[in-house]
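Understanding the architecture of this molecule
Okay, here's what each chain looks like letter by letter:
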Amino acid sequence: TNDNASLPSGSVSGGVLRLNSGQTVTLATGTYLLSGIDLSGGSKLLTAGPVRIFVTGSVKLGGNSSLNEAGPARNLVIFGSGSSADLSVAGASAILYMPSAALSLSGEMRLGGSALAGTVTIAGNSNATAPGLNAAAPTATAGGSGKGGKLAFASLDGGVGLAAAADSAFVL
């Protein structure tokens, strides 16, 4: 079942969910198929319950935007077959399965939940935690001098943290 019909008018262009300029969209419980996700300018993508998103292209999150930031991570599962996921200066609480993607966490990115990607890079003052399926995004940290990201694996309640492993058999 594809629940794209429940997405607000104008939020999807060319199959890409695009939010900017402080826009907020709450996804109803369901399954969505998108060509990409692009959140910027303080926009917020929230969930009203368990949501699965299948993305065939890139995922971009930046500009103080948020992706299910208050959690729990289990309410947003993103399966991606694209080659990139750039998450920067934002907050997210999700489970990401993107085995072909180069996942980049940069700036002040805060990721709570779990992620598996082809490659994973953490830079700047980004934080990634894996406290489990009930996780919310970690709280913001004080700005630093860009000495590299922080990675915490509390791994409680079923969290698997960040992993880099290609899965050539995964196809959307």
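So, here's what we can say about the structure. Just so it is clear, the structure is predicted and the values come from calculations on it, not from any experiment.

1. What about the environment of N2?
- Along the chain, N2 falls in the segment before β1 (12–13).
- On the basis of relative accessibility, which here comes to 44%, the residue N2 falls in the partly exposed class.
- In the structure, N2 is positioned 29 residues away from T31 in sequence and 5.5 Å away in space, judged by C-alpha atoms.
- Sequence-distant contacts of N2, defined by excluding residues within four places in its chain, comprise T31, Y32 and L33.
- A distance of 2.9 Å separates a polar atom in the side chain of N2 from the backbone nitrogen of N4.

2. Overview of the pairing of strand β4 (residues 30–34)
- Among the five residues in β4, four count as buried, and that is most of the element.
- Across five bridges, β4 lies against strand β7 (residues 51–55) in parallel orientation. Considered in β7, the bridge of L33 is made with F54.

3. Considerations on the pattern of salt bridges
- Using the criterion set out here, one finds two salt bridges in the structure.
- We note a salt bridge from D38 to R18, for which the minimum N-O separation is 3.3 Å. Of the two residues, D38 sits in strand β5 (residues 36–39) while R18 sits in strand β2 (residues 16–19), which places them 20 residues apart along the sequence.
- The partly exposed category is assigned to R18, whose relative accessible area is 39%.

The rules behind these values
Every chain's residues receive numbers from 1 upward, in the order its sequence appears when written. With pLDDT at 70 or above as the cut-off, local features in this predicted model cover only qualifying residues; side-chain atom pairs require 80 or more to be listed or tallied, and sums for whole chains, interfaces and linings still use all residues. Calculation of side-chain values draws on the structure's entire complement of heavy atoms; hydrogens and water are dropped beforehand. Under the scheme used here, helices are H or I runs from DSSP no shorter than 4 residues and strands are E runs no shorter than 2 residues, and both carry numbers assigned from the N terminus. Buried residues are those whose accessible area, probed at 1.4 Å on protein chains only, stays under 20% of the maximum for their type, while exposed residues exceed 50% and partly exposed ones sit between those limits. Note on contacts: a residue pair is in contact if any heavy atoms of the two residues lie within 4.5 Å. Throughout this description, a polar contact denotes any pair of N or O atoms lying within 3.5 Å of each other; where both atoms belong to protein, one of them has to be capable of donating a hydrogen while the other can accept it, and for residues adjacent in sequence the pair is counted only when both atoms sit in side chains. Two strands pair if DSSP finds at least two bridges between them. One speaks of a salt bridge when a side-chain nitrogen belonging to Lys or Arg is within 4 Å of a carboxyl oxygen belonging to Asp or Glu.

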